Amino acid sequence: MDFAIADRDTAELDRFRHEFRAWLEKNVPADRKQPVDSQELDSDDYKWFLGFRKELAKHGWLYPTYPKEYGGGGLSANHESVIEEELTRSNVIRMGVTPNFVFPGLLVWGTEEQRQRFLRPLLTGEKSCWYKMTEPQSGADLAGIQTRAVRDGDDWLITGQNVFITGGTGPDRPDWLYGLAITDPNAPRHRNMGLFMIPVPSAGLEIRQQNLIGGDDQHFLFLDNVRVPGDHLIGGDHQGWQVGATSRENEHGGTGRAFPRDEVMEDLVEYARTTKHDGTTLGKDPVVQQATMDAYMDAHVQALLLKRTYWMYHNRKEVQYEGNVGNVHGRESSLRQTVRVREVMKMYSLLGTKEPGVPHGGAQEVSQRSRAGQNHAGGSTNIMKVVLARRIGISRTQERAPVTPATAGQQGG
Ligand SMILES: Cc1cc2nc3c(=O)[nH]c(=O)nc-3n(C[C@H](O)[C@H](O)[C@H](O)COP(=O)(O)OP(=O)(O)OC[C@H]3O[C@@H](n4cnc5c(N)ncnc54)[C@H](O)[C@@H]3O)c2cc1C
């Protein structure tokens, strides 16, 4: 199996690569490169990045595989792989704006009018949206949310709280929140909620910064009778769990990755190869060698898992458990990598970006901090194992993958 995406035209892809690389060289200024620690990016970088995204979108390069009629590029997965590789190579700033999980829910469950109103400006980079799910009492148990949506004429009034909501840098705010609320407290679990596009700003909505160790931008949300028009409900008023499941499938690895890379492992191999120790290089030490090769193996297994899922998804093969395997392995192996880095680099792995002579500009310290938190984002590792157990049929309940753009006959993901 070579994980090829169907219809691969090598000459056309080479031409495309040259075109895109030349464009990046012309359009990415030297002072807009990704710093080792993304906390060094500020609101000015964010504003530049929003403009850069719009330029990418004009060429169809921002969300390449989504349909053109909804603001995507209408390009193939092969083109997306080239785009990812070249963006990485250019080292241009990359910041979170709208989580990718939002798009499949809108594409599969939105009406034509909603796709044009919400999905199109998100995919063209004109607007942005945050993913509003976790509440103080319900993270792993997402179906236990307490946020309520009460009908008021054609509108809904939404009241509740959220924590850990990832979003733009500093004071930047999105145009919408994509999130769940209980619409019918008397209906059975999973059939009692709707999924809403909540306009920002709105009367009764407060957003506060929540600082975590990783340095990403998380937020507390407080909603007090926030008025949401009836046509901002995606899917039916009892279908929110299903709409959210289409998004979670993407969040939990169901589309794989075009160009997976583990820079921590690459830096570690480089460190072992070049660091002088006892008249030779560190990599000749048998203990260092073992730890570094374990890191090398984990990174390769992870890349293969992600590419397999990507290949399956874009060839429209049914992805039942493969995305979840990559998700669980990625979370657990990423923590193993941090332990190996500490074993090999010792205290050097904990030096910050500003320390003189710090290896790899301090990338290892940043990764030590962020990888632990990332294991909790998107539902914790334990929950990913619960989902995987259901998918492979050893759990009390059994589960098939929810509908995705690919299985709904749509492009994009
Ligand atoms: C960096 C970061 C970014 C995030 N971004 C967002 C975002 O943009 N939007 C959003 O909505 N949320 C976001 N989250 C929240 C994230 O989805 C939750 O943290 C996650 O779902 C876990 O919920 P919790 O923190 O409430 O943990 P809890 O639900 O309190 O779980 C605590 C522990 O108990 C374990 N546990 C709970 N139930 C079970 C069970 N049945 N079986 C086995 N173990 C169990 C969990 O694995 C975990 O280890 C983010 C979190 C982080 C750290």
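Residues numbered from 1 in each chain as written. Predicted model: local features only at pLDDT ≥ 70, side-chain atom pairs only at ≥ 80, totals over all residues. Heavy atoms only, no water.

1. Thoughts on the pairing of strand E7 (residues 217-228)
Here is step 1: Two elements, strand E3 (residues 155-166) and E7, share 8 bridges in a ladder whose sense is antiparallel. Across the sheet, Trp-156 pairs through a bridge with Val-228, a residue of E7.
Here is step 2: Of the pairings in the sheet, the one linking strand E6 (residues 205-211) to E7 comprises 7 bridges and is antiparallel in character. Along E7, the bridge assignment pairs Glu-206 with Phe-222. (Pairing = 2+ DSSP bridges. Helix = DSSP H or I, 4+ residues; strand = E, 2+ residues; numbered from the N terminus.)

2. Focus: the domain arrangement of the protein chain
Accessible area lost upon the coming together of the parts is a frequently used measure of interface size.
Here is step 1: Domain boundaries in the protein chain define domain 1 (10-95), domain 2 (103-113 + 127-241) and domain 3 (253-377 + 380-392).
Here is step 2: Inter-centroid distance (C-alpha atoms) of domain 1 to domain 3 is 24 Å.
Here is step 3: Taken over both partners, the interface formed by domain 1 and domain 3 buries close to 890 Å², and the fraction arising from carbon and sulfur atoms is 60%.
Here is step 4: Between the two partners, domain 1 and domain 3, sit 2 salt bridges.
Here is step 5: Ionic pairing is found between Lys-354 and Glu-40, a salt bridge with its closest N-O pair at 3.2 Å. (Domains from an automatic or database assignment. Buried area = accessible area lost by both parts, 1.4 Å probe. Salt bridge = Lys/Arg side-chain N within 4 Å of Asp/Glu carboxyl O.)

3. Points about the packing of helix H8 (residues 286-314) against helix H9 (residues 322-345)
Here is step 1: Closest axis-to-axis distance for the H8/H9 pair is 9 Å, and the angle between their directions is 160°. Taken together, H8 and H9 sit at an angle that is classed as roughly antiparallel. Crossing of H8 against H9: the hand is left-handed.
Here is step 2: In terms of residue class, the contact of H8 with H9 is built from 9 nonpolar, 9 polar and 7 charged. (Axes fitted to C-alpha atoms, helices over the stretch in contact; angles between N-to-C directions. Parallel < 35°, antiparallel > 145°, perpendicular 65-115°, else oblique. Left-handed = near helix turned anticlockwise from the far one by under 90°. Nonpolar A, V, L, I, M, F, W, Y, C, P; charged D, E, K, R; others polar.)

4. Description of the packing of aromatic side chains
Here is step 1: Under the criterion given, the structure shown has 14 aromatic pairs.
Here is step 2: Seen in terms of ring centroids, Tyr-66 and Phe-103 are 5.8 Å apart; in terms of plane orientation they differ by 75°. Their pairing is edge-to-face. Remark: Phe-103 occurs in helix H4 (residues 102-109) and Tyr-66 occurs in the loop between helix H2 (43-58) and helix H3 (77-90); sequence separation between them is 37 residues. For the residue pair Tyr-66 and Phe-103, the accessibility class agrees, reading buried in each case.
Here is step 3: Here the aromatic cluster, defined as three or more aromatic residues joined through ring pairs, consists of Phe-16, Phe-20, Trp-23, Trp-48, Phe-49, Phe-52 and Trp-61.
Here is step 4: The aromatic ring of Trp-241 is capped on one face by Arg-248, whose charged end is 4.0 Å from the ring centroid. (Phe/Tyr/Trp six-rings, centres within 6.5 Å; stacked < 30°, edge-to-face > 60°. Buried < 20%, exposed > 50% of the residue type's maximum accessible area, 1.4 Å probe, protein only. Lys NZ or Arg CZ within 6 Å of the ring centre and 35° of its normal.)

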